[in-house]
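Listed below are the residues making up each chain.
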Amino acid sequence: MALVVIIFVGAILLSLTGASLLFSSLDLKATSTMKDGTIAFQVADTGIHHALALIPSGDTFPYSSTTEVVPLTVHPNITGFSYSVTAINTNGGTQAILTSTAQGPNGTRKVVVAYVSRGNFGLGATNLPGSTAPNTETTFSGTSFSINGNDNCSAAPAVPGIVVTNPALATELTNDTTSDGGLASNQMNLVTGAGGTPSVVTIQPLSQTVSQIADAYLNLSHTDLSGGQYSGNGNWGTSGSPRITRITGNADIQGTIEGYGVLIVDGALGVQGNFTFHGLVIARGDVQVQITGNAGIYGSLMIGGSSEPDPDYELDVRGNAHIRYDSCALAAANSWAPLPKAAKLVAWQEKLT
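Residues numbered from 1 in each chain as written. Predicted model: local features only at pLDDT ≥ 70, side-chain atom pairs only at ≥ 80, totals over all residues. Heavy atoms only, no water.

Draft legend 1. Focus on the pattern of salt bridges. With the rule as written, the count across this model stands at six salt bridges. Between Arg246 and Asp266 there is a salt bridge, and its shortest N-O distance comes to 3.9 Å. Of the two residues, Arg246 sits in strand 14 (residues 243–247) while Asp266 sits in the loop between strand 16 (256–265) and strand 17 (269–271), which places them 20 residues apart along the sequence. Note on Asp266: relative accessible area 25%, which makes it partly exposed. Where Asp316 meets Arg318, a salt bridge forms, and the shortest distance between an N and an O atom there is 2.9 Å. (Salt bridge = Lys/Arg side-chain N within 4 Å of Asp/Glu carboxyl O. Helix = DSSP H or I, 4+ residues; strand = E, 2+ residues; numbered from the N terminus. Buried < 20%, exposed > 50% of the residue type's maximum accessible area, 1.4 Å probe, protein only.)

Pasting the structure below:
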C-alpha cells in the first residue's frame, strides 16, 4: 500500500510539474508574441511617416482609387520586419487615408490607418524643382547675402532655405566644393531654415511643373511688361493692391522697384539695383537669375530648370541679396491659384484585424 501511495503521489507531482512547465512555456510565447506585436505596431507607424515623405506637394491628393505609395519595404533597423503603405482619397480629394501594414516573424501583423490633409505651403525660400545636378549651375559670392527659410511674418513653421528635387544637386550645394557651384565653408551658415545648416533639403517632385504653376496665374487677370532695363523708380503692385505681373523677356533691374503679389519672368532676371518683392517670384524657360545689389525677395523664389546645360549660371546670389520665406506675402498668390502644399498628418489609429 505504501508503494501504491508513493507512486500515486509521484504521479500527481509529475503532473503538476508538467503543467507548470507548460504554462511557463505559454507565458514565454505570449510575451514573445506581445513583443513582436509591439514592434510591428511601431514599424507600421514608420510606414506612415515614410509615405508622408513621398507624397508630392500639391493642392489635393491624386488617389482616386487605392494606390500603392510605399511598396513592401524591409525595415532598415529591425531584422525580420517590413511594411507597405497604400492611399486612397477622401473628402473630395482634399484628404487621403493611408493604410500601413507591417509584417513580422511568426505571422505577426499590425495595421495603422492615418488621415492626412494639406498643411503649409510646400515651398522653400528658394526652389529648384525638376533641376538636376548636371544641368543646373549655381554660384554664391561673398558672405553678405542670405537665404532664410524662417517665416518672416512668424505665422508658419520654418521651411528649408533651398529646396531641390534631385539628391545629387543637394550634394553639390553642400559638399563644400565651389567648383561645382556649391556653397563655400564660410557660406554654409548663410542658408538657414528647416533641415540643418546649410538648409538644403531634397523633396519629392511637385505635382505641377514650374511652368504649369505660372500658367495658372497667367490665366487670370495680369499685367504684361516688356523685357528690358528698368533703371527708374516704380512699383509692381502694392501691399493694399497686389497684382500678377509678367515680364515677357529679359529684365535688368537697376533702379528702385518694389512689388507685391506674383512676378513671372519668361527670360533672364538680373537685379543690380534696389529691388524688393513681396510674394512669389517665378523664373522659367532658359532662366538666369542673378540677384546682387540690395535685392530682397520676401516670399518665395521658384526657378524652372533648363532642359539643356546653360553657359550662364541659373542662380547667382551675391552682394547684399536677401531671399526670405514669408507665408503672409504668399497669401495673395495662394488666393489666386492654390500653391503646392505639403501633406500633413491629422490623425491615426490602429486598425484591429
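Draft legend 2. Geometry of the state of the cysteines. Taken as a whole, this structure holds one disulfide when the rule is applied. Covalent S-S linkage joins Cys153 and Cys328, the inter-sulfur distance amounting to 2.2 Å. The sign of the 90° torsion about the S-S bond sets the Cys153-Cys328 disulfide as right-handed. Remark: Cys328 occurs in the loop between strand 22 (322–325) and helix 4 (331–336) and Cys153 occurs in the loop between strand 7 (146–148) and strand 8 (162–164); sequence separation between them is 175 residues. Of the residues examined, Cys153 reaches a relative accessible area of 25% and is grouped as partly exposed. (Disulfide = S-S within 2.5 Å.)

Draft legend 3. Layout of unusual backbone geometry. With an omega of 0°, the peptide bond running from Thr197 to Pro198 counts as cis. Of note, Pro198 is situated in the loop between strand 9 (191–192) and strand 10 (200–202). The backbone phi angle of Asp176 is positive, close to 55°, even though this residue is not glycine. Topologically, Asp176 is positioned in the loop between helix 2 (167–174) and strand 9.

Draft legend 4. Fine view of the sheet that holds strand 23 (residues 341–351). On the basis of which strands lie adjacent, the open sheet formed by five strands has the order 1-2-3-4-23 and antiparallel pairing. Because the sheet does not close on itself, it has two edges, and the strands there are strand 1 (67–74) and strand 23. This sheet shows a mean twist of 20° between the axes of neighbouring strands, independent of strand direction. With nine bridges joining them, strand 3 (residues 95–103) and strand 4 (residues 109–121) adopt antiparallel strand pairing. Directly across from Ala96, in strand 4, lies its bridge partner Val116. (Pairing = 2+ DSSP bridges. Axes fitted to C-alpha atoms, helices over the stretch in contact; angles between N-to-C directions.)

Draft legend 5. Summary view of the pairing of strand 20 (residues 296–303). For strand 20, the tally of buried residues reaches seven of eight residues, placing the bulk of the element in the interior. Relative to strand 20, strand 5 (residues 126–128) is paired through two bridges, and the arrangement is parallel. Counterpart to Thr126 in the pairing with strand 20 is Leu301. Note that strand 18 (residues 274–283) and strand 20 share eight bridges and pair parallel. In the sheet register, Ile282 faces strand 20, and the bridge partner there is Met302. Sheet topology places strand 20 next to strand 22; four bridges connect them, and they run parallel. In the strand pairing of strand 22, Gly299 is matched with Tyr325.

Draft legend 6. Here's a closer look at the nonpolar core. Grouped together as the largest cluster of nonpolar side chains are 61 residues, with contacts concentrated most on Tyr217, Trp236, Phe275, Leu280, Ile282 and Leu301. With six residues, strand 18 is the largest single contributor of residues to this core. Setting aside residues no more than four positions away along its own chain, Tyr217 makes contact with Ile244, Val262, Ile264, Leu280, Ile282, Ala333, Asn334, Trp336, Ala337 and Leu339. Counting residues in hydrophobic clusters, the runner-up holds 23 residues, among them Ala44, Ile55, Ala102 and Ala343. (Core = buried A, V, L, I, M, F, W, Y, C linked by side-chain atoms within 4.5 Å. Contact = heavy atoms within 4.5 Å.)

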